[in-house]
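# Observations on the model geometry
One-letter residues, chain by chain:
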Amino acid sequence: MLTYLRRSAAQVVFVLLGIALINFFLLHLAPGDAAQVLAGESGAATPEYMEALRRQFGLDQPLYVQFLRYLGNLVTFDLGYSFRQSLPVSELILQRLPATLLLMGTAIGFALVAGCALGFLAARRAGKLTDTVISIVALLFYATPVFWVGIMLIVVFSVMLDWLPVGGMTSVEANLSGLALVGDVALHLVLPAVTLGLFYLAIYARLMRAAMLEVYGQDFVRTARAKGVRPRRIAWRHVLRNALLPIVTTLGVQLGSILGGAVLVETVFSWPGLGRLAFAALFQRDLNLLLGILFCSSVVVVLVNIAVDLVYTLLDPRIELN
Amino acid sequence: MAAAAAMTAAVVVGVLPGPQGSAVAQEARQGGTLSIILQPEPVTLTPSTNMAQPTQVVAGNIFDGLVTYDFELKPKPALAERWEVAPDGLTITFHLRGGVKWHDGQPFSAADVKWSLENVWKTIHPRNKSLFENVTQVDTPDDATVILRLSKPSLPILSVLNGVGAPILPKHLYEGTDVLNNPYNNKPVGTGPFVFKEWKRGEYVKLTRNPDYWEAGKPHLDRLLFRMIPDAAARAAAIEKGEIQYAPYNPVPFRDAERLAKLPRLKVDTRGYEWLSPLLYLDFNVENQHLKDVRVRRAIAHAIDRAALAKIVWFGYAKPAISPVPSSLVTFHNAKLPQYPFDVKKAEALLDEAGFKRDANGVRFTLTHDFLPYGDDYRRTGEFLKQALKRVGIEVTIRSQDSAAFIKRVYVDRDFDFAISYNNAFPDPQIGVVRAFWSGWLGTGTPWTNGSGYRNAKADALIQEAGVEGDPAKRIAQFNEFQDIVLGDVPSLPLLELNFFSVYSADLEGIVEQGDQVYSSLKNARFVDAPKGN
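Residues numbered from 1 in each chain as written. Chains lettered and ligands numbered in written order. Predicted model: local features only at pLDDT ≥ 70, side-chain atom pairs only at ≥ 80, totals over all residues. Heavy atoms only, no water.

With an unreviewed UniProt entry as reference, chain A is termed ABC transporter permease, source organism Azospirillum argentinense. The Subcellular location (unreviewed entry) field of the UniProt record for chain A holds the comment "Cell membrane". (UniProt positions renumbered as here; feature names shortened; annotations may be inferred.)

Rendered as structure tokens:
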């Protein structure tokens, strides 16, 4: 275990450096720079103004100097400065982190629990009406574009029924605090979390059903049945546990992308998450910010991968860390 | 002039708001929070170095200018109570309002104006530099008087003196600092009717009422809440539901605007953008092997039905443009110009004459079109052009990219055939029009300048003469000749005069009061009965 972690740590450093290198040069391939974007948005510019902006952003330096500066910053755990937003990148990311974690955590949690339950049900009643209904619903949500589901939920629950707010994270105009604020955020969270959750839910339900059906066909299940173990116990103890591996893998992938947020859902519901921040940074050529978000995301992916490996060994003792 | 301005002014759906409307049973009331759409998120909240729309929409409420502009684009007193321009145009004197305070309590004085002119308008301000460069000295004989002394006249100065056009920054917070990096850029201190409170990135900007505002009883509202809602459909839903009560700058697609305009609770209004006078135009790359022939450019001009473009693609929120100087610039606009009426036969004849015959497939040649990546309206304009040109035998390939790539392609690399773009003309052609034609911009890689690559010594000379001409009548004559030349050569084809629109709640009054309203303050706005959800 310790050797595994030690070896992983060494790999992590190399992987992250590689990612930083690729990210940096890949992003600099994009045509146009932040000064041009700013000048473009202004609708007017002078060469002097552009030059002042480039000097301010450090874009007047040769690319390798910019890269060495970036690496130097990374080594000292400094993600750099977003000149466009006039704030340190780490501060910008931290500002958005709570909203992102809240939305992604709720959506993935809801999807995991509900999706696994539905998949479990479908697998136990395979071929019957319950299975057909669950499979169709899951397919429907999986195939429908997330932004369309979001807009429809807004139209029905916000505009027509007036139960929930259209978007945002709080009712700023109401100046709430304490428990009232928590309730207000929860109300704002419902639609985006459900929208995103329904999409993920479909994945978990389909995965769970397929994995369980596969395990049902294996010898040890037949043996258990022959032994006279009750079907419920077989499902819970023998099938479900063995079917969890692909679920854990998928969960790992989704947790890895948690920092990237969900651009579409955040956009539709004006949710102040990291996805929107990264998306805007790309169009604005705010490369320091984008590199910062990408770097943090890659750290999370690497760490989640290690965690997933460890969970495998817990779920299935036959798997060894090496 | 008033009649002409009124004619160009507006398509207003619903009843006009205004003082006359408030006389009815409803009682106007003080206070309340106005929720406003702000899209996209601004870069900074100080208008000194960034002139993008969201920055200015917020900043207009925080910063007062020397003047504001009425619907006829005449300056009205604000921080300057009155002003005089010497007959030779070489001295401009402003008499400032007394007793005005910055939001931090410091007194506002002539020194702030002088400092801002010398350190912002003349140096880093992207639009004003050329207008103020002939100001050689600024005298402040007392705290309430500013005298600009010029080496050559610069009459366009009088068209940019509102809060965002010539932003006055507090000298005591900016002096000796790097203006671009000053922390107050993002927590601005102005003299305007609303005070900056909070900017929560990705969510909102909050302003509150300035209790010490110089105009007694103003502003009426307690709070302005600018909310960022990135999705157009969600914006439409928030407006429809009443969560948002004011949404300037084409907040929703035209189709939604048509639908919202029919709701009795909402108004759609195209007034308040007169100061900007946006113009949609088509830049030909005059170095292109086909487009370098003026007959080809004229043929394309004849091949485009601009009235249909305005009606079909822009849902009537535009009208055909016949000159690079929009008709809202009443004194400068010249209607007696070379015209390019929609005439397919003439277009074909010109192309034949230029030697580009149709081949076996009916194609004369192929061009690539780059549209301004500011949304579907521009993409659809490109599709409209593609169809129009196909009729006369020109095959068009549409290419899309994001705005950074577009700017680089057109203005830096000049790697394009023809592109559509838009510019705000502003009240004087010197500010927003001539930059598209002056050859001095070529080679500088500056966005929104001479995109076509046009060089004409006569046009260049007229542009420079008009810039320093002190006699208004002579300037009009110079711009008439300028329009004549550039429309004859047509390196850049004016397509449409755009009518931007705002959507707002019908229970608001005083929301559109002047020609620079969208970039000015909402100090006159108030609710006439209880707003929803408050």
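So, about the sheet that holds strand β18 (residues 418-424) of chain B. All names here are of chain B. Spatial strand order, β15-β19-β14-β18-β16-β17: six strands in an open sheet with mixed pairing. Unpaired on one side and paired on the other, β15 (318-320) and β17 (394-399) mark the two borders of the sheet. Across the sheet, the axes of successive neighbouring strands diverge by a mean angle of 30 degrees, strand direction being ignored. For strand β14 (residues 278-284) and strand β19 (residues 492-498), the ladder comprises five bridges, and the chain directions are antiparallel. Looking at the pairing, L282 lines up with L493 of β19. Here helix α9 (residues 306-313) sits on the sheet in contact with β15 and β19, set at roughly 40 degrees to β19. (Pairing = 2+ DSSP bridges. Helix = DSSP H or I, 4+ residues; strand = E, 2+ residues; numbered from the N terminus. Axes fitted to C-alpha atoms, helices over the stretch in contact; angles between N-to-C directions. Contact = heavy atoms within 4.5 Å.)

Quick look at the domain arrangement of chain B now. All names here are of chain B. Taken domain by domain, chain B comprises domain 1 (2-18 + 65-185) and domain 2 (278-498). Of note, the centres of domain 1 and domain 2, computed from C-alpha atoms alone, are 32 Å apart. Roughly 1300 Å² of surface becomes buried between domain 1 and domain 2 when both sides are summed, with 72% attributable to carbon and sulfur atoms. Sorting the residues of domain 1 by area buried against domain 2 places R127, L155 and P156 first, and these three jointly supply 34% of that buried surface. Counting the contacts that link domain 1 with domain 2 gives zero salt bridges. Split by residue class, the side of domain 1 that touches domain 2 holds seven nonpolar, four polar and two charged. (Domains from an automatic or database assignment. Buried area = accessible area lost by both parts, 1.4 Å probe. Salt bridge = Lys/Arg side-chain N within 4 Å of Asp/Glu carboxyl O. Nonpolar A, V, L, I, M, F, W, Y, C, P; charged D, E, K, R; others polar.)

In this complex, chain B contributes 49 residues to the contact, which on the side of chain A involves 50 residues. Buried area between chain B and chain A, summed over both chains or domains, comes out near 4000 Å², and the portion from carbon and sulfur atoms is 58%. A per-residue breakdown of the area chain B buries against chain A is headed by V43(B), R201(B) and K241(B), which together make up 14% of the total. Connecting chain B to chain A are four salt bridges.

Residue and element names in this part refer to chain B. According to the stated counting rule, one finds 41 salt bridges over all chains in the structure shown. Between R295 and E353 there is a salt bridge, with its nearest N and O atoms 3.7 Å apart. Of the two residues, R295 is situated in helix α8 (residues 294-303) and E353 in helix α10 (residues 344-353); the sequence distance between them amounts to 58 residues. Across the pair D428 and R475 runs a salt bridge, and its minimum N-O distance is 2.9 Å.

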